[in-house]
Structures are given as structure tokens and as C-alpha cells.
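Coordinates in review
The primary structure of each chain is shown beneath.
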Amino acid sequence: MAKITKLDDIVSLCKRRGFIFQSSEIYGGLASCYDYGPLGVELKSNVRSAWWKAVVKMRDDVVGLDCSILMHPMVWKASGHTDQFADLVAECKKCNTRTRVDHLKEKVAEQAEEHTEHIAIDAALAKAQDLSNKVCPNCGTVGQFTEPMPFKLMFETRMGANVDDSMTLYLRPETAQGIFANFRNVLDTTRVKIPFGIAQIGKSFRNEVTTKAFIFRTREFEQAELEFFCEPGTDDHWYEHWKEARFNWYTDLGLKKENLRFRVHDADELAHYAKACVDVEYRFPFGSGDWQELEGIANRTDFDLRQHQRGMRTLNKWFENDRNLTKIELAEEAENYQSGPLSYFDDEQKKRYIPYVIEPSAGIDRSALAFLVDAYDEEEVRGEKRNLLRFHPALAPVKVAVFPLVKKDGMPEIAQNIYNDLKKYFTCFYDQKGAVGRRYRRQDEAGTPFCLTVDGQTKEDNTVTVRERDSMEQVRISTDQLLSHLREKLDM
RNA sequence: GCGGGCGUAGCUCAGUGGUAGAGCGUCACGUUGCCAACGUGAAUGUCGUGAGUUCAAAUCUCAUCGCCCGCUCCA
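These lines cover the structure that appears in this document, whether it is placed above or below. (Residues numbered from 1 in each chain as written. Chains lettered and ligands numbered in written order. Predicted model: local features only at pLDDT ≥ 70, side-chain atom pairs only at ≥ 80, totals over all residues. Heavy atoms only, no water.)

The periodicity of an α-helix, 3.6 residues per turn, causes residues three or four places apart in sequence to face the same way. Within helix α1 (residues 7–17) the residues assigned to the buried category are L7, I10, L13 and C14. Projected onto a plane normal to the axis of α1, the buried residues spread over an arc of 125 degrees and lie on a single side. In this structure, the buried side of α1 is in contact with β1 (20–22), α11 (364–375), β19 (376–381), β20 (384–389) and α13 (436–446). Looking one or two residues beyond α1, the residue adopting positive phi is G18, at roughly 80 degrees. (Buried < 20%, exposed > 50% of the residue type's maximum accessible area, 1.4 Å probe, protein only. Helix = DSSP H or I, 4+ residues; strand = E, 2+ residues; numbered from the N terminus. Arc of directions from axis to C-beta. Contact = heavy atoms within 4.5 Å.)

Written out as C-alpha cells, the structure reads:
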């Protein structure tokens, strides 16, 4: 069995082989930001493609979308993010521990909401005025807190080169809202019928209070999100469907089952919009071997579409209040909201309704990290340590490496030809330098599933050896059957 | 944000006040016919950054940036 991998081992492998670098390293680095190197960009792109293939291409009921990161500020007003995507935190003067104000307990009552949803800043401020009776959960000191301070979890930027009439925009904290905002567009142009989903992969930004563990939690990150729209009443069925589908996606791509599990959110842990939520968790080698979320699958009900209908009814106030979101109150919901502009007309049942939404929301970066960690292995071969990444072929940055056994006797030329031919079909790598054993090991550490070697026999019978990464076994394959052989083995 | 640890070559690390090192890796040439072989040669450092102390700082002090671990936090 593989030994316990430490995060540090993964970090140095990533640097050494060009998977992941610290951002802005030549300037001392920028906290929690990372860059993907030549191998990393292939890996990450393969993770994306595998998700897209499973969630969009292989299904008849999901279409894709790619929204802009910057959106109309009213989107975030309607979704609740501008009001609610902020925490009030107070710091204990005694021990300097910061705690969310709504998690503080009264000295006497000993009661606090364990896992409360975030509430509007104004309301929270009013509610949190009096901390004199609150107890610091860390040191037990009563009432020694700083003024509650709001943490803005959305990044702000300005649109418009002219400072005077530029407007504040937010970098999206999730890709989901772009999908809801385009729900009508997709309905009107693509002949989709409920149940159907809209999928999107893209960057999101959250000004997290704390980042964590390499690329696991970063402030800039990539999400793969699906909003699956279904008729109310069928939502539980689709929730179960996507739970299963998403869990299997990870195991199909090689994550070991024993490192993967579901964690169901308790009722008091649910976000304000969610009826149910479950996390797919992976046992990462940081923390104390902690289970950490890879993906959340939530039943978002009809919350978002209804909120955007309210937002659309509020647009006039946006102009009346000089584009100042904090002055705007979201319009009440229309009485006949079920037939509002974001409703769906079911032709068979002849009725209109706001669909329910099942949302599997995965982190591409943390998935890539999980695949890296899970694939990492060290083993002993003839007294030497062999490091390798046992990537699923679909995820391997390089699929096939091509070598001449030695660089003479015309072998490099033949190998070059094979390489030039194969690279039209797979990501390939050519190498003729040094001993062939060393080249094999280098590819092992990059996770390349197959190495082809042109040797003396090649000129006689047109066969090459195909060496498999995990077993190190070799078979001779005729060059004219190489492509089909590799295609079958790589499942491509 | 708090506490602890750390930051020296691409990686792992040695160097505790006196001209910057090792192993691995990388590159070149030779050799080599299947698993990190061998020989010869070579390149590579803002000692994280900035200030201070000192005749002299990788080394001592302060600040700052970054990483790891533990808290806290994570709609």
C-alpha cells in the first residue's frame, strides 16, 4: 500500500516537475495564489474536459454556457450576495481570537445559533451592538471584544476608465448566478425542456478570511457548476441522481473509494436557499488527514429564479438610487410569481411554474489536487525508489512518450516519425537524451501512461516496445497498429 | 487574525559573525541496446525582501512577504 503522503511531498513534486508554482514567486509570492506550469495546465485542462464530457457531452439533457465574470451589480443584490456575503467578526482583546459575532454565546444563557446563515450587515450590526455579555470561545473572557467588523467576501473593482462615473462591480463569487441570469436566454434559444441542466466552468473569487493548504482553498479558484432545472416534486429524485453521478465521476477517474465519502449537511447547517445539501469529501493529506469538501450538491429549490424575478422588478430603483446598492431594497415578490418572466411553461401539463434547481458545484483546483495526491506513489524497484503518478489516462498530462533506445543507427529518425504521427491524436513527448531507464522514470513522475521505444528490432520488423507505467511491463506492437492499440488502452 | 515552525542552487538540506556548500536533478561530449548505469566537463544563488547592529551579517536585532502545522474561520 502507498505510504502516507504529506502535502509537502506533493508541493515539491509540483514545483520540481512543473505542475504548480507559487504566483509572483520572483517578488516573494502572493498569498494563496498559484500558477499552473506546463504539466499542471495539461492536468487541469484534462480535469475540466473530463467534467465537461461527463456532465455536458455525454448527456442529452445538459447544455453548456460561459458567462462573463463581471455582471450587473443587481445580480448580486438579487442573489443576496451583496447583503449577505459578509460576516461580522469581533476580536477578543485578551487572546486576539476572532469569532463570528453570531456564533458568540451569552454568558448566562449559553445559547447561540450553532451554524447560522449569514444575515444582512445592517441587521447584524444592530443585533450585535451589545457584546458585553458574550463569552470568548477561546479563553472564556467575557465582554472584552473589539467593535464588530464586517468582512467583505466579494472582491470589488471599478468599471469605467473615468473615475468620476465609474461604477463598482464585483468579481463573481460563484458561477451559478450567471446561469440563472441566462436561464431565459437558454430556454428561448435551445429548445430544451425540463428537466434539463446548464453547465459552466470558470473562475470565481472569494475574499476568504483564511485560505488553506496549497491550492485547496484559494481566493481565486475555478468552479465547475451545473444548475439542473426540474419540476418541483421531482427535485428529490434528481438530487439523488446527481449525488450518485457525481460521486461516480471521481471514482471512475481513479480516486480510491476509501478516500471518498459523502457528508450530509445537517438542517441547521444549510444555507438559506437550500433544502438539502451533501458534500463529496476527499481525505486530503493535510490537517490531521482531514476529510475536506471536493464538491457540494445542493437542492437550491426555486430560490434563485424567484430572487431574480424580484431583482428584475427592482431595476427602476437601481437608477432612482444613483446605482447605490445599499440604498435599494429588493421589491416584494409578485403574487403570481409562478408565471413570472423566469418561469417555465410545461407544454404537456399546460402549466407554468418556477423550476427547482439541483446544483452540483465542484472545485476544479481542489479536484486536480485530489487527483494528484491520490495518484502519487512511491515504490521500491531493484533497491531504488520509484516515484510515480498513477493518473487515469484521461487525466495524464502526457499520454505517450516516444524514445529511441539509443541515439544512433537511425533510431531517432524512426522515433521522430512515430512521434510526429501520434501527436496529432494524443499529447505526446519525445526524448532521446541519456539512458532509456532514466527517461522511463522521468515519465513515471509525470504520470505518462505509456512509453514507446524504438530499438534495433524496429528496422527489421516494424515493431516497437510499449511500456506501461504502472506495471513497467513491455509488449511489442507493430507500428501500423500503434494508434489503435494506444487508443484502446487510453480509451480515447 | 492568533500561536508554533520554517525560508540558503530546480528539489532535499548542511553551513550560528570572517570570501556560499553537498547530494540529487539539469546541460554538453563520450560511452551505452530496456528501467534513475558509467566517464569527463559545465552551468546555476538578490542566502525571501528591507532596515539596523558590526571593521565584517546567510549567521545577531527589528520589520515585512511567503509557506507548513495548530487554532479561528469556511453563505
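So, about the packing of aromatic side chains. By the definition in use, this model includes 20 aromatic pairs. Measuring from centroid to centroid gives 6.2 Å for F180 and F229, while their planes differ by 80 degrees, and the two rings are edge-to-face. In this pair, F180 sits in helix α6 (residues 176–181) while F229 sits in strand β12 (residues 220–230), placing the two residues 49 residues apart along the sequence. Considered together, F180 and F229 belong to a single accessibility category, that of buried residues. (Phe/Tyr/Trp six-rings, centres within 6.5 Å; stacked < 30°, edge-to-face > 60°.)

Here we come to unusual backbone geometry. The bulk of non-glycine residues show a negative phi, and the bulk of peptide bonds are trans. A cis amide bond, omega 10 degrees, links I194 with the succeeding residue P195. If you trace the backbone, P195 turns up in the loop between α7 (183–190) and β11 (196–205). A positive phi angle is found at S24, which is not glycine, with a value near 55 degrees. Note that S24 resides in the loop between β1 and β2 (34–36). Located in the positive-phi region is R323, a residue other than glycine, with phi close to 55 degrees. Residue R323 is classed as partly exposed on the basis of its relative accessible area, which comes to 44%.

We now examine the pattern of salt bridges. A full pass over the atoms with the stated rule returns 36 salt bridges. Note that E174 and R300 form a salt bridge whose closest N and O atoms lie 3.4 Å from each other. Of this pair, E174 sits in the loop between β10 (167–170) and α6 while R300 sits in strand β15 (residues 291–301); the two residues are 126 residues apart in sequence, bridging distant segments of the chain. You'll find E174 and R300 in the same group, each marked buried. We note a salt bridge from D236 to K275, for which the minimum N-O separation is 3.3 Å. One end of the pair, D236, is in helix α8 (residues 235–252); the other, K275, is in the loop between β13 (260–264) and β14 (276–283), with 39 residues separating them in the sequence. (Salt bridge = Lys/Arg side-chain N within 4 Å of Asp/Glu carboxyl O.)

The subject of this paragraph is the nonpolar core. With 58 residues, the main nonpolar core has F19, W51, Y250 and L369 as its most contacted residues. Beyond its immediate sequence surroundings of up to four residues, L369 is in contact with I10, A213, F214, I215, F216, F284 and F286. In terms of nonpolar packing, the next biggest core, distinct from the first, is built from 20 residues, I179, I194, F229 and Y337 among them. (Core = buried A, V, L, I, M, F, W, Y, C linked by side-chain atoms within 4.5 Å.)

In terms of burial, helix α9 (residues 303–313) is a largely internal element, 8 of the 11 residues being buried. Three or more residues of α9 are buried, namely F303, D304, L305, Q307, H308, Q309, R310 and G311.

In this section: the packing of helix α2 (residues 38–57) against α11. Taken N-terminus to C-terminus, the directions of α2 and α11 make an angle of 110 degrees; their axes are 10 Å apart at the nearest point. Classified by the interaxial angle, the pair formed by α2 and α11 is roughly perpendicular. Of the two elements, α2 crosses α11, and the hand of that crossing is right-handed. Across from L43, K44, V47 and R48 in α2, the residues of α11 making contact are I364, D365, S367, A368, F371 and L372. Per-class residue counts for the contact of α2 with α11 are 6 nonpolar, 1 polar and 3 charged. (Axes fitted to C-alpha atoms, helices over the stretch in contact; angles between N-to-C directions. Parallel < 35°, antiparallel > 145°, perpendicular 65-115°, else oblique. Left-handed = near helix turned anticlockwise from the far one by under 90°. Nonpolar A, V, L, I, M, F, W, Y, C, P; charged D, E, K, R; others polar.)

Take T168: it is sitting in strand β10. For T168, a relative accessible area of 26% corresponds to the partly exposed category. Counting along the chain gives 164 residues from T168 to E332, while the straight-line C-alpha distance between them is 25 Å. Excluding residues that lie within four positions of it along the chain, T168 makes contacts with P73, E156, T157 and R158. Looking at T168, its side chain comes within polar contact range of the side chain of R158, at 2.5 Å. (Polar contact = N/O pair within 3.5 Å; in protein donor to acceptor, adjacent residues only side chain to side chain.)

In space, the 5 strands of this open sheet follow the order β22-β21-β23-β24-β25, with mixed pairing throughout. In this open sheet, the two strands that pair with only one neighbour each are β22 (428–430) and β25 (474–478). For this sheet, the mean inter-axis angle between neighbouring strands, taken without regard to orientation, is 25 degrees. Across 5 bridges, strand β24 (residues 463–468) lies against β25 in antiparallel orientation. By the bridge assignment for β25, R467 is matched with Q474. Of the strands in this sheet, β21 (400–404), β22, β23 (450–454) and β24 are in contact with helix α12 (residues 411–422), which crosses β21 at around 165 degrees. Relative to β21, α13 is tilted by about 170 degrees, and along the sheet it contacts β21, β22, β23, β24 and β25. (Pairing = 2+ DSSP bridges.)

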